[in-house]
Amino acid sequence: GFFQCHAVEVVIKDSSNATCLYANWMMSFLITYESNTSDYKTTTLNLSSSVTHNGSVCGNDTQASVVAVQFGEGHSWSINSTKNNETYQGDFMTFIYNTNDTAVFPDAKRKGPVTVVVRDPSPPIPLDSVYVCHTTVFLEAENVTQIFWNVTEQAFVQNGTVSKKESRCSADTPTSAPTVLPTVANVTTASTTTLSPAPTAAPKPVENPVTGNYSLKSGNKTCLLATVGLQLNVSQDKPLLININPKTTTADGACGNTTATLKLNDGNSTLISF
């Protein structure tokens with residue numbers, strides 16, 4: 001499976017044995033930590049095949065619902081969701097990782113649990129809908145990248161049955177058909193009696209994109225190398241071509257045991273993540 005990770009399913013029922021909370025998703029974590037030699041290393045923490053969900057609660061009009069899971073050697077993750085009139089929305093995600101887990105952090109300088117809290121970026125979801133997002137989502141905070149994909153979740157389930165009506169994340173929503181730029185083949189010649197406005201050609205960069213050399217380090221060792229020239233073709237109201245300039249582009253990211261993330265950010269705030 002993707003990131004060699006296990007899917008998690010949490011089903012919580014109320015006092016009448018009706019389903020009130022449902023979640024099924026996959027997630028993984030990239031964590032940068034300080035080693036005993038004072039250099040920084042990045043490790044990957046995946047969910048194990050054995051996951052508990054102690055602390056998960058249904059919630060109601062005045063109390064938040066909670067999806068909580070525990071896994072591995074002292075690691076846990078949870079998300080609070082609140083109900084507001086006809087919608088529900090995730091509030092905060094709390095991730096706790098334990099650097100005493102020597103299999104994941106064999107030489108961590110700081111020992112014990114570390115807590116990271118981030119706000120859920122998802123929009124409000126109608127109460128009669130289940131939230132679905134198959135696209136991989138990255139959330140970063142405090143040297144941790146949380147990675148989620150294949151998410152299906154419904155808090156405050158109505159009438160004990162998970163809805164078949166889906167609210168898809170924006171990343172899953174297919175975009176409109178790209179604009180076909182005028183070419184010699186698809187532009188009709190105007191007649192001699194009727195003048196048609198000339199089609200607007202897409203702007204073209206002066207030259208091909210310059211090849212850049214980008215790298216990431218884990219401690220004092222290079223862990224990722226990329227040599228690439230990049231050009232973006234953005235479909236907006238008007239087609240837009242952008243060359244990524246290596247001279248103004250910085251590389252960031254993290255290397256794990258089984259995954260690596262390269263992020264390029266140029267002076268125009270264009271962010272590309274591989």
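Residues numbered from 1 in each chain as written. Predicted model: local features only at pLDDT ≥ 70, side-chain atom pairs only at ≥ 80, totals over all residues. Heavy atoms only, no water.

The name an unreviewed UniProt entry assigns to the protein chain is Lysosome-associated membrane glycoprotein 2, from the organism Formicarius rufipectus. Recorded in UniProt for the protein chain, the comment headed Sequence similarities (unreviewed entry) runs: "Belongs to the LAMP family." (UniProt positions renumbered as here; feature names shortened; annotations may be inferred.)

(A) Main features of the overall build of the protein chain. For the protein chain, the count of helices and strands is 0 helices and 20 strands. For the protein chain, long-range pairs separated by at least 24 residues make up 52% of all intrachain contacts whose partners lie at least 6 apart in sequence. Accessible surface, the protein chain as shown: approximately 16,100 Å² in total, 50% of it carbon and sulfur. (Helix = DSSP H or I, 4+ residues; strand = E, 2+ residues; numbered from the N terminus. Contact = heavy atoms within 4.5 Å. Areas by Shrake-Rupley, 256 points an atom, 1.4 Å probe, with all protein chains shown as cover.)

(B) Expanded view of the state of the cysteines. Taken as a whole, this structure holds 3 disulfides when the rule is applied. The partner cysteine of C223 in its disulfide is C255, sulfur to sulfur 2.0 Å. Between C223 and C255 the disulfide shows an S-S torsion of about 75 degrees. By sign, it is right-handed. Here C255 lies in strand β18 (residues 250-255) and C223 lies in strand β15 (residues 221-228), a separation of 32 residues in the sequence. Given a relative accessible area of 8%, C255 falls into the buried group. (Disulfide = S-S within 2.5 Å. Buried < 20%, exposed > 50% of the residue type's maximum accessible area, 1.4 Å probe, protein only.)

(C) Broad picture of the sheet that holds strand β20 (residues 271-273). Strand order in the open sheet formed by 3 strands is β18-β19-β20, with antiparallel pairing between adjacent strands. The outermost strands of the open sheet, each flanked by one partner alone, are β18 and β20. The mean angle between the axes of side-by-side strands here comes to 15 degrees, regardless of whether they run parallel or antiparallel. (Pairing = 2+ DSSP bridges. Axes fitted to C-alpha atoms, helices over the stretch in contact; angles between N-to-C directions.)

(D) A look at unusual backbone geometry. Although it is not a glycine, N143 adopts a positive phi angle of roughly 65 degrees. Positive phi values are uncommon outside glycine, yet N159 reaches one of about 60 degrees. Structurally, the position occupied by N159 is in the loop between β12 (144-155) and β13 (166-168). For N159, a relative accessible area of 79% corresponds to the exposed category.

(E) Broad picture of the environment of A108. Mapped onto the fold, A108 is located in the loop between β7 (87-98) and β8 (113-119). Accessibility expressed as a relative area gives 1% for A108, which makes it buried. Taking the C-alpha atoms as reference points, A108 and T37, separated by 71 residues in sequence, lie 9.0 Å from one another. Those residues within four positions of A108 in sequence are excluded, and the remaining contacts are Y33, E34, S35, N36 and T99.

(F) Looking closely at the nonpolar core. Formed by 41 residues in total, the largest nonpolar core has its most connected members in W25, F29, W77, F95 and Y97. With 8 residues, the single largest contributor to this core is strand β2 (residues 19-34). Sequence-distant contacts of F29, that is, excluding residues within four places in its chain, are made with T43, T44, L45, L47, F71, W77, F95, T145 and Q146. In this structure, Y214, C255, L262 and L264 belong to the second largest nonpolar core, which totals 10 residues. (Core = buried A, V, L, I, M, F, W, Y, C linked by side-chain atoms within 4.5 Å.)

(G) The arrangement of the pairing of strand β3 (residues 40-46) in detail. Pairing analysis gives 7 bridges linking β2 to β3, with the strands arranged antiparallel. Within β3, the residue paired with Y33 across the bridge is K41. The antiparallel pairing of β2 with β3 creates a hairpin that spans 5 residues between the two strands, and S38 there sits at a positive phi of about 70 degrees.

(H) Looking closely at the side chain of D107. By the element assignment, D107 lies in the loop between β7 and β8. Residues in contact with D107, not counting those within four places in the same chain, are Y33, E34, S35, N36 and K41.

(I) Spotlight on the side chain of D172. Its location among the elements puts D172 in the loop between β13 and β14 (212-218). Accessibility expressed as a relative area gives 16% for D172, which makes it buried.

(J) A look at the environment of T227. Its place among the elements puts T227 in strand β15. By relative accessible area, which is 58% here, T227 ends up exposed. Between the alpha carbons of T227 and Y214 there is a distance of 6.4 Å; along the sequence they are 13 residues apart. Side chain to side chain, T227 and N213 meet in a polar contact 2.9 Å long. (Polar contact = N/O pair within 3.5 Å; in protein donor to acceptor, adjacent residues only side chain to side chain.)

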